[in-house]
Amino acid sequence: MPRFPIDYSDRKPLGRTGESVSSIGMGTWGIRDEESAFKALVHAVALGLDLVDTAEMYGSGRAEELVGRVLREVGRESVFVTTKLYPHRFRDPERAVGAMEASLRRLGTSYADLVLIHWPDDLAPLRVQVRSLEAIADRGLARYVGVSNFDRRRLEEAVESTAKYEIVVNQVKYSVLDRSIEEDLLPACLRLGVAVMAYSPLERGAVLRSRPVREVASRCGRTPVQVALNFLVSRPMVVAIPKSERIEHVEEIRGALGWRLRPEELELLEKAGR
Ligand SMILES: NC(=O)c1ccc[n+]([C@@H]2O[C@H](COP(=O)([O-])OP(=O)(O)OC[C@H]3O[C@@H](n4cnc5c(N)ncnc54)[C@H](OP(=O)(O)O)[C@@H]3O)[C@@H](O)[C@H]2O)c1
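Presented here is an overview of the structure given in this document. As the structure is a prediction and not an experimental result, all values here were calculated from the model. Per-chain numbering applies: the sequence of each chain, read as written, is numbered from 1 onward. Reporting in this predicted model follows two pLDDT cut-offs: at least 70 for local features of residues, and 80 or more for side-chain atom pairs to be given and counted; totals over whole chains, interfaces and linings ignore these cut-offs and use all residues. Only hydrogens and water are set aside; all other atoms, that is, all heavy atoms of the structure, feed into the side-chain values.

1. Things to note about the packing of aromatic side chains
Part 1: Stacked, edge-to-face and tilted are the three classes for Phe, Tyr and Trp ring pairs, Trp counted by its six-membered ring, which pair at centre distances within 6.5 Å; planes under 30 degrees apart are stacked, over 60 edge-to-face, the rest tilted. Applying the stated rule across the entire model yields 1 aromatic pair.
Part 2: Ring geometry for Tyr 86 against Trp 119: centres 6.1 Å apart, planes inclined by 90°, an arrangement best described as edge-to-face. Pair noted here: Tyr 86 is in the loop between strand S4 (80–85) and helix H3 (93–107) and Trp 119 is in the loop between strand S5 (112–117) and helix H4 (126–138), with a separation of 33 residues, a long-range link.
Part 3: Each residue's exposure class comes from its accessible area (1.4 Å probe, protein chains only) as a fraction of the maximum for that residue type: buried when under 20%, exposed when over 50%, partly exposed otherwise. Since its relative accessible area comes to 26%, Tyr 86 is described here as partly exposed. Only runs of H or I of at least four residues qualify as helices and only runs of E of at least two qualify as strands under DSSP, and these elements are numbered from the N terminus.

Encoded structure:
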């Protein structure tokens, strides 16, 4: 039997909010060609991959500006926008609100769907950071709040520190080749009702060269990229956010949905992971 119950839905619950999001969204880190990325992101939204992940850090604000262009093209309501702010912004609620306002100016919108603390900052008490995160939601600048790169202990503390809003997402590295979160963090997320947003789900291209992934792909008539993403979305509460700036790659990514690997194929891949 595979390690987790297979989730057959291509939409995932956003924590305990009652809202659901596409199980595959698009990342925006490390964009090389903005025109090509713009077309790819617009195409992704048209194909139903309507969740976009960005951050104030990416391209020093240029990625958020690019997402802003996409929002103007497809319509703000057509996309679930996640952005991430530098951890030091959360040392004070007013500072967090100011940084969020700057992000929203680049995004050209009055609100994000989700804002995350990009990574843990041990220089400020976590309850202060969570209060700052909540201040952003309180001002109506983000609909939901969450964290990124939090281990189980920090996630539990963040969840306990909330006063008014829930931590709905923990964005962490997770791929078929790197399943380290499955030991401790993924079970904790499932228990706490926190969705996992899996970043670097293609291991920046390394999944294409993985022998077990290639073997399963040829067995089931899919591509290695599709197998790697299908593995992740077969997990409960897991959303994958691959990055691509090429329309043909976006189409291949879209082909990871609408079917599931068989239990024995999931087991084969589980044995192969680091
Ligand atoms: N919270 C964090 O700390 C954190 C850290 C890292 C990443 N992230 C987020 O997660 C997103 C994804 O992670 P990532 O960018 O590190 O890596 P990734 O999604 O694992 O890999 C991206 C690479 O895969 C290539 N690719 C995409 N589709 C492909 C296909 N169908 N065939 C062949 N190659 C393909 C892309 O090239 P092309 O563009 O040419 O298609 C790109 O070079 C980021 O963009 C970012 O939004 C968050």
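That was the structure; now back to the text.
2. Topic: helix H7 (residues 211–220)
Part 1: Turning to H7, its buried residues number three or more, namely Val 213, Val 216 and Ala 217. The arc that holds the buried residues of H7, viewed along the axis, is 105°, so those residues lie on one side. Along H7, the residues that are exposed and aim more than 90 degrees away from the buried face are Arg 211 and Ser 218.
Part 2: Contacts are assigned to residue pairs that have any heavy atoms within 4.5 Å of one another. Elements that come into contact with the buried residues of H7 comprise helix H8 (224–233) and helix H10 (263–272). Think of the arc as the fan of directions from the helix axis to the C-beta atoms.

3. A short note on the layout of surface pockets
Part 1: Roughly 740 Å³ of internal volume is contained in the largest pocket.
Part 2: Taken together, 31 residues line the largest pocket, and the ones lying closest to its centre are Trp 29, Ser 200, Arg 204, Pro 242 and Lys 243.
Part 3: Residues are grouped as follows: Ala, Val, Leu, Ile, Met, Phe, Trp, Tyr, Cys and Pro are nonpolar; Asp, Glu, Lys and Arg are charged; every other residue, Gly included, is polar. Here the residues of the lining of the largest pocket are counted per class, giving 12 nonpolar, 11 polar and 8 charged. Points on a 1 Å grid, built from protein atoms alone, make a cavity when a 1.4 Å probe fits but cannot get out and make a pocket when they are open with protein on both sides within 12 Å along at least 5 of 7 lines; residues with an atom within 4 Å of a point are the lining residues. Grid points are joined across faces, edges and corners, and a volume is the space filled by probe spheres set on the points.

4. Considering the pairing of strand S8 (residues 195–199)
Part 1: Extensive coverage of S8 is indicated by the burial of 4 of its 5 residues.
Part 2: Pairing between two strands is assigned when DSSP locates at least 2 bridges connecting them. In this sheet, S8 lies alongside strand S7 (residues 167–173) in parallel orientation, the contact comprising 5 bridges. The residue of S8 that forms the bridge with Lys 173 is Tyr 199.
Part 3: Relative to strand S9 (residues 238–240), S8 runs parallel, the two sharing 3 bridges. Across the sheet, the residue bridging to Met 197 is Val 239, located in S9.

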